[in-house]
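Descriptive analysis of the structure
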Amino acid sequence: MASTFSNLGLNLQATGENSGTWGELTNVNLQEIDNAIAGVVTITLTGNTTLAFTSNSSSTTFTDQAGRNKTIILSGSLSATTVTVTVPNIEKDYVIINNSGGTATISSGGSTTVSILTGSKNYVIVDPTTTSVISAVPASSPGGSTNQVQFNSSGSFAGSSTFTFDGTTATILNAVFSSTANLTTQSELRFQDTTGGQYIGLRASTTISSSFTLNLPTSTGTVDQVIKTDGSGNLSFATLSGGASWQAIKTANFNVTAKEGYFVDTNSTTITATLPASPTIGDFVQFIDYSGTFDTNNFTVARNGNKIQGDATDLTVSVERAGLSLIYSGSSTQGWLLETK
């Protein structure tokens with residue numbers, strides 16, 4: 001019976017074969033196994049290269065064939081060209097380290113290959129049933145420079161100059177977050193100036209009774225406006241005012257809005273102004289006798305359930321050219337109090 005050969009081309013000797021050379025053939029087989037497990041070979045590339053590999057039919061002397069080795073180091077000066085390195089189409093894995101100066105395309109003769117950039121390394125597996133070379137890891141070494149965070153750039157590693165981490169501090173430039181960024185333990189959000197030398201920092205107070213969110217204004221506002229809240233976390237721009245917001249002349253009964261002022265014209269008839277039903281402490285209103293006729297046709301301020309000057313009756317004004325301001329005290333006992341009269 002003649003010898004047969006394994007996937008690695010090892011000589012599988014038949015019973016009684018190779019009398020006198022059986023031991024030498026066995027030693028060659030063991031050395032070839034050793035190469036497949038731990039062998040390292042360096043190849044200087046000048047162009048397309050096929051790694052040597054033949055089955056051991058009868059040789060009693062070991063020959064170190066490149067295609068048998070575990071680790072293949074590619075060297076050379078290819079100046080960024082692309083060459084094909086063809087490995088044996090057998091069940092085998094390789095560690096490829098490419099220092100050739102160009103891109104090495106690892107092939108076993110079929111259309112499925114793995115390209116390894118110069119300065120990079122990869123672990124590839126050959127599938128002889130499909131004549132394919134398959135990458136077992138990303139096809140390049142870490143990209144970028146020190147502290148740069150790695151990302152996938154068209155299947156290769158790349159380093160981000162806008163996202164760095166030195167083991168303690170992460171620095172992110174031009175960041176876009178699609179979800180919540182949570183800064184813990186009263187950490188600051190810092191806005192750097194143009195040189196990065198100074199910054200404006202924002203952070204939470206030391207103790208917060210309950211969590212809340214502030215929604216920024218929907219527009220830029222106008223000159224001299226300030227930011228105010230609606231009490232539900234919605235911020236907007238508002239104009240500061242030192243007094244009442246004065247309304248058009250009133251010639252008939254009307255309802256009063258806090259923080260407004262009214263010119264009241266009773267020239268033709270008496271007029272009643274109804275105060276807000278649910279005022280808060282500090283709310284104020286103002287009234288002025290527009291036509292000088294409060295003495296002829298009285299002006300009445302209806303209390304609308306709250307006392308005025310501690311009295312549970314409406315306020316009647318009958319003085320010509322009178323002007324008055326009412327401020328709510330926050331007290332159900334005193335109610336609205338006259339500031340001027």
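Up top is the structure these notes are about.
Figured I'd write up the structure that's included with this text. (Residues numbered from 1 in each chain as written. Predicted model: local features only at pLDDT ≥ 70, side-chain atom pairs only at ≥ 80, totals over all residues. Heavy atoms only, no water.)

**Description of the layout of surface pockets**
The calculated volume of the largest pocket comes to roughly 1,600 Å³. Leu 183, Glu 188, Leu 189, Arg 190 and Leu 202 are, among the 29 residues lining the largest pocket, the residues nearest its centre. For the lining of the largest pocket, the elements supplying multiple residues, two or more each, are strand E14 (170-172) and strand E15 (189-192). Of the residues forming the lining of the largest pocket, the biggest block, 4 residues, is contributed by E15. The residue inventory of the lining of the largest pocket, partitioned by class, reads 16 nonpolar, 10 polar and 3 charged. (1 Å grid on protein atoms, 1.4 Å probe; cavity = no way out; pocket = protein on both sides within 12 Å on 5 of 7 lines; lining within 4 Å. Points joined across faces, edges and corners; volume = space filled by probe spheres on them. Helix = DSSP H or I, 4+ residues; strand = E, 2+ residues; numbered from the N terminus. Nonpolar A, V, L, I, M, F, W, Y, C, P; charged D, E, K, R; others polar.)

**As for the pairing of strand E3 (residues 40-45)**
Of the two faces of E3, the one holding Val 41, Ile 43 and Leu 45 is buried and the one holding Val 40, Thr 42 and Thr 44 is not buried anywhere. Of the pairings in the sheet, the one linking E3 to strand E5 (residues 71-76) comprises 6 bridges and is parallel in character. Bridge assignment links Val 40 to a residue of E5, and that residue is Thr 71. (Buried < 20%, exposed > 50% of the residue type's maximum accessible area, 1.4 Å probe, protein only. Pairing = 2+ DSSP bridges.)

**Brief notes about unusual backbone geometry**
With the exception of glycine, the majority of residues adopt a negative phi angle, and the majority of peptide bonds are in the trans configuration. With a phi angle near 50°, Thr 131 is a residue other than glycine that sits in the positive phi range. With respect to the element layout, Thr 131 can be found in the loop between strand E10 (120-127) and strand E11 (132-135). Residue Thr 131 is classed as partly exposed on the basis of its relative accessible area of 25%. Even without being a glycine, Gln 186 presents a positive backbone phi close to 60°.

**Describing the nonpolar core**
Judged by nonpolar contacts, the single largest core of 20 residues is most densely connected at Ile 43, Ile 72, Leu 74, Ile 96 and Ile 106. Counting only elements with at least two residues in this core, the list comes to E3, E5, strand E6 (82-86), strand E7 (92-99), strand E8 (103-107), strand E9 (114-116) and E10. In contact with Ile 96, not counting residues within four places along its chain, are Ile 72, Leu 74, Ile 106, Ile 116, Ser 120, Lys 121, Asn 122 and Val 124. Residues Leu 275, Phe 294, Val 317 and Tyr 328 belong to the second largest nonpolar core, which totals 19 residues. (Core = buried A, V, L, I, M, F, W, Y, C linked by side-chain atoms within 4.5 Å. Contact = heavy atoms within 4.5 Å.)

**Here's the deal with the sheet that holds E6**
Spatial ordering of the open sheet is given by E4-E6-E8-E9, a layout of 4 strands whose pairing is mixed. At either margin of the open sheet sits one strand with a lone partner, and together these are strand E4 (49-50) and E9. Where E4 meets E6, 2 bridges bridge the pair, whose relative direction is parallel. From the neighbouring strand, Thr 49 faces E6, where its bridge partner is Val 85.

**A closer look at the environment of Ala 170**
Within the fold, Ala 170 resides in strand E14. You can call Ala 170 partly exposed: its relative accessible area is 47%. Separated by 42 residues in sequence, Ala 170 and Pro 128 have C-alpha atoms that sit 46 Å apart. Setting aside residues up to four positions removed in sequence, Ala 170 forms contacts with Phe 163, Thr 164 and Phe 165.

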